[in-house]
Amino acid sequence: MAVDGAVFEAREINAWRGDRHILRDVSFSLRPGEFLKVTGPNGVGKTTLLRVICGLLPAETGELWWRGKSVRGRRDEFNFELGHLGHLNSLKGDLTARENLKFLAGLRTTLTAQAIDATLDRVGILSRGDLPARSLSAGQKRRLALARLLLADAALWILDEPVTNLDTAGIRLVEELIVDHVEHGGLAIAAAHQRLLDDAPCLRSLELEP
Amino acid sequence: MTAVRTPTLAAAKLVFQRDMTLAWRRWDEVAQPLIFYVVVTTMFPLATTPDLSALRQIGGGVVWVAALLASLLALEALFRADVEDGTTEQWVLSGQPLGYLLLAKVAAHWVLTGLPLVIMSPIVGTGLGLPTSVWGVLMLSLLLGTGTLSILGGIGAALTVGVRRGSVLLSLLVLPLAMPLLIFGSRAVAMQMDGDSPAGPLQLLAAIFFMALSLGPLAMSAAIRISVEN
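Residues numbered from 1 in each chain as written. Chains lettered and ligands numbered in written order. Predicted model: local features only at pLDDT ≥ 70, side-chain atom pairs only at ≥ 80, totals over all residues. Heavy atoms only, no water.

### As for the nonpolar core
Link 1 in the chain: Ranked by size, the top nonpolar core spans 98 residues in total, and within it Phe 8, Phe 28 and Ile 189 of chain A together with Phe 79 of chain B carry the most contacts.
Link 2 in the chain: Excluding residues that lie within four positions of it along the chain, Phe 79 of chain B makes contacts with Leu 102, Lys 105, Val 106, Gly 154, Ala 157, Ala 158, Val 161, Met 220 and Ile 224 of chain B.
Link 3 in the chain: Core analysis: the next-biggest nonpolar cluster, separate from the first, contains 36 residues, Ile 125, Leu 136, Val 174 and Ala 190 of chain A among them. (Core = buried A, V, L, I, M, F, W, Y, C linked by side-chain atoms within 4.5 Å. Buried < 20%, exposed > 50% of the residue type's maximum accessible area, 1.4 Å probe, protein only. Contact = heavy atoms within 4.5 Å.)

### Brief notes about the side chain of Asn 100 of chain A
Link 1 in the chain: Residue placement: Asn 100 of chain A occurs in helix α3 (residues 97-104).
Link 2 in the chain: The contacts of Asn 100 of chain A, once residues within four sequence positions are left out, are Leu 91, Lys 92, Leu 95, Ala 105, Ala 133 and Leu 144 of chain A. (Helix = DSSP H or I, 4+ residues; strand = E, 2+ residues; numbered from the N terminus.)

### Examining helix α1 (residues 46-54) of chain A
Link 1 in the chain: Judged by how many residues are buried, α1 of chain A sits mostly within the fold: eight of nine residues are covered.
Link 2 in the chain: Gly 55 of chain A sits one or two residues past α1 of chain A and shows a positive phi near 80°.

### Things to note about the confidence of the model for chain B
Link 1 in the chain: Per-residue pLDDT for chain B averages 90, and the proportion of residues at 70 or more is 98%.
Link 2 in the chain: Across the whole predicted complex the pTM is 0.91, and at the interface the ipTM reaches 0.89. (pLDDT = per-residue confidence, 0-100.)

### A word on the packing of helix α1 (residues 8-25) of chain B against helix α6 (residues 98-127) of chain B
Residue and element names in this part refer to chain B.
Link 1 in the chain: Contact geometry for α1 and α6: axes closest at 8 Å, N-to-C directions at 35°. In the packing of α1 onto α6, the handedness of the crossing is right-handed. Facing Thr 8, Ala 11, Ala 12, Val 15, Phe 16, Arg 18, Asp 19, Met 20 and Ala 23 of α1, the residues of α6 in contact are Tyr 100, Leu 101, Ala 104, Lys 105, Ala 107, Ala 108, Val 111 and Leu 112.
Link 2 in the chain: In terms of residue class, the contact of α1 with α6 is made up of 13 nonpolar, one polar and three charged. (Axes fitted to C-alpha atoms, helices over the stretch in contact; angles between N-to-C directions. Left-handed = near helix turned anticlockwise from the far one by under 90°. Nonpolar A, V, L, I, M, F, W, Y, C, P; charged D, E, K, R; others polar.)

### A short note on the interface of chain B and chain A
Link 1 in the chain: Taken together, the contact between chain B and chain A spans 35 residues of the former and 32 residues of the latter.
Link 2 in the chain: For the pair chain B and chain A, the summed buried area comes to about 3000 Å², and 53% of that belongs to carbon and sulfur atoms.
Link 3 in the chain: Contact with chain A buries area across many residues of chain B, yet Arg 5, Gln 90 and Leu 93 of chain B alone supply 21% of it, more than any other trio.
Link 4 in the chain: For the pair chain B and chain A, the number of links is five salt bridges.
Link 5 in the chain: The interface formed by chain B and chain A contains 18 residue pairs in polar contact (both at pLDDT 80 or more).
Link 6 in the chain: Looking at the side of chain B that touches chain A, the elements with two or more residues in it are α1, α4 (80-84) and α5 (87-92) of chain B.
Link 7 in the chain: A per-element tally of the side of chain B that touches chain A places α1 of chain B first, with eight residues.
Link 8 in the chain: Partitioned by chemical class, the residues of the side of chain B that touches chain A number 15 nonpolar, 11 polar and nine charged. (Buried area = accessible area lost by both parts, 1.4 Å probe. Salt bridge = Lys/Arg side-chain N within 4 Å of Asp/Glu carboxyl O. Polar contact = N/O pair within 3.5 Å; in protein donor to acceptor, adjacent residues only side chain to side chain.)

### With respect to the sheet that holds strand β3 (residues 35-39) of chain A
All names here are of chain A.
Link 1 in the chain: As summarised here, the arrangement of the five strands in space is β6-β7-β8-β3-β9, forming an open sheet in which the pairing is parallel. Single-partner strands in this sheet number two, and they are β6 (82-85) and β9 (203-207). Adjacent strand axes in the sheet meet at a mean angle of 15°, parallel and antiparallel pairs treated alike.
Link 2 in the chain: Those strands touched by helix α6 (residues 168-183) are β3, β7 (156-160) and β8 (187-191), and its axis lies near 150° from that of β8. (Pairing = 2+ DSSP bridges.)

### A few points about the packing of aromatic side chains
Link 1 in the chain: In the structure shown here, the tally under the stated rule is five aromatic pairs over all chains.
Link 2 in the chain: When the centroid spacing of 6.1 Å and the interplanar angle of 0° are considered together, the rings of Phe 8 of chain A and Phe 78 of chain A count as stacked. Of the two residues, Phe 8 of chain A sits in strand β1 (residues 8-17) while Phe 78 of chain A sits in helix α2 (residues 75-80), which places them 70 residues apart along the sequence.
Link 3 in the chain: An aromatic cluster is defined as three or more aromatic residues linked by ring pairs; in this entry it consists of Phe 8, Phe 28, Trp 66 and Phe 78 of chain A.
Link 4 in the chain: Lying across the ring of Trp 65 of chain A, Arg 11 of chain A places its NZ or CZ 4.3 Å from the centre.
Link 5 in the chain: Against the face of Phe 80 of chain A rests Arg 5 of chain B, its NZ or CZ located 4.0 Å from the ring centre. (Phe/Tyr/Trp six-rings, centres within 6.5 Å; stacked < 30°, edge-to-face > 60°. Lys NZ or Arg CZ within 6 Å of the ring centre and 35° of its normal.)

### Some thoughts on α6 of chain A
All names here are of chain A.
Link 1 in the chain: With 16 residues, α6 should reach 22 Å at 1.5 Å per residue; the first-to-last C-alpha distance of 22 Å fits that figure.
Link 2 in the chain: Against the buried residues of α6 lie β3, α4 (113-122), α5 (138-152), β7 and β8.
Link 3 in the chain: Phi turns positive, to about 90°, at Gly 185, one or two residues after α6. (Expected span 1.5 Å × (residues − 1).)

### Description of the sheet that holds strand β5 (residues 69-70) of chain A
All names here are of chain A.
Link 1 in the chain: Pairing within the open sheet is antiparallel, and its four strands lie in the order β2-β1-β4-β5. Two strands lie at the open edges of the sheet, namely β2 (20-30) and β5, each paired on one side alone.
Link 2 in the chain: With respect to the sheet, α1 is in contact with β1, β2 and β4 (61-66), its orientation differing from that of β2 by roughly 60°.

### So, the environment of Arg 74 of chain A
Residues and elements named next belong to chain A.
Link 1 in the chain: One can find Arg 74 in the loop between β5 and α2.
Link 2 in the chain: Classification of Arg 74 by relative accessible area gives partly exposed; the value is 30%.
Link 3 in the chain: Other than its neighbours up to four places away in sequence, Arg 74 contacts Trp 66 and Lys 69.

### Side note on the pattern of salt bridges
Link 1 in the chain: Tallied over the full model, the rule gives 19 salt bridges over all chains.
Link 2 in the chain: The partner of Asp 130 of chain A in a salt bridge is Arg 98 of chain A, and the shortest N-O contact between them spans 2.9 Å. With a gap of 32 residues between them, Asp 130 of chain A in the loop between α4 and α5 and Arg 98 of chain A in helix α3 connect regions that are remote in the sequence.
Link 3 in the chain: We classify Arg 98 of chain A as partly exposed; its relative accessible area is 23%.
Link 4 in the chain: Measuring nitrogen to oxygen at the nearest pair gives 2.8 Å for the salt bridge that ties Glu 99 of chain A to Arg 25 of chain B. With Glu 99 of chain A in helix α3 and Arg 25 of chain B in helix α1, this pair bridges two chains.
Link 5 in the chain: Taking the relative accessible area as the measure of exposure, Glu 99 of chain A reaches 17% and is therefore buried.

Structure follows, in structure tokens:
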């Protein structure tokens, strides 16, 4: 039942949180260049689905396939190709924006100072590079988290409410980044209840129902 | 863009550097165990007797108990901040072996809280009447002991990080495991003072240290993976 050209597939994922059966037989597949938007009301399991894909939560049944192989037992390989932007920005308030990127994004790929500066410029906070992350506004922290995602240079993006705290320019930035990413053969999965790339040709939707 | 994957050793070094940078900016928190250690050991002569020959009998034990409690003091917060702000989540997803990253973090923690105790121990011991001839054994035993404690404590802290008010639970978990360290460590000091060879207890301490070093990262990464599930 493999879909032609799909590099990422979720097959009949079932997950419980406590005694609630949240994800019921969720299946989908994604080709390079596609952006999957997961929608649904609060508490329906959008975050749970994303965390299951990341392996942060165990699924009761179901399997994930990446590039034609099951992810099971090859987690570290899969994780390296996966960039995750969660609810939390994963920033250290006492470190500067640059240091945050160096110490966290640097765990994945070897970074140069130029790469860090170029990415900070791309998300529009280059002038804040040497300020402690604590002193950034909520939107700027989100932009810094986006910079971390960009530097990870991952093929599959997992975004949980990526536009939280962002202004209209920030939302446009996220849309540009996603389009740019999928146009270069990447894949992206995002949970969102705001408008996000609603008319883009790359958009695919997955609606979760309670 | 072609990304060069960071070698595991370089990634572990980054974690270590990061904790050093953070500690430099929050040095008051880091200094706390050391201050506790010095204060507790100076209180013993005041409360018991200033007679050095009497203090000498208990000196090794006092230094060891104080070091044990001081390292425990610093453990509770070890992983808390990183789990709460989502950093450990990113470590789990970094594609690097999690155990090595956590071991690097524990190593940084040991350099900041365990190593100062080792370095201070001759001065503290002198205050308790320990002769210079036992300095070497005291420092070596504490070096192995605090190292083991940091790893054992790291496992405990990783297990209790999701538990609210986990500090009591952490002490209950770690202290029983630390008892052999206390016994062998103070015994080594006592034997050296009596003119016997302290090799036996020191070798046992070293054995425990290497066991903790080899199995600790596995246990810590398993515990952290459970903690980020919530």
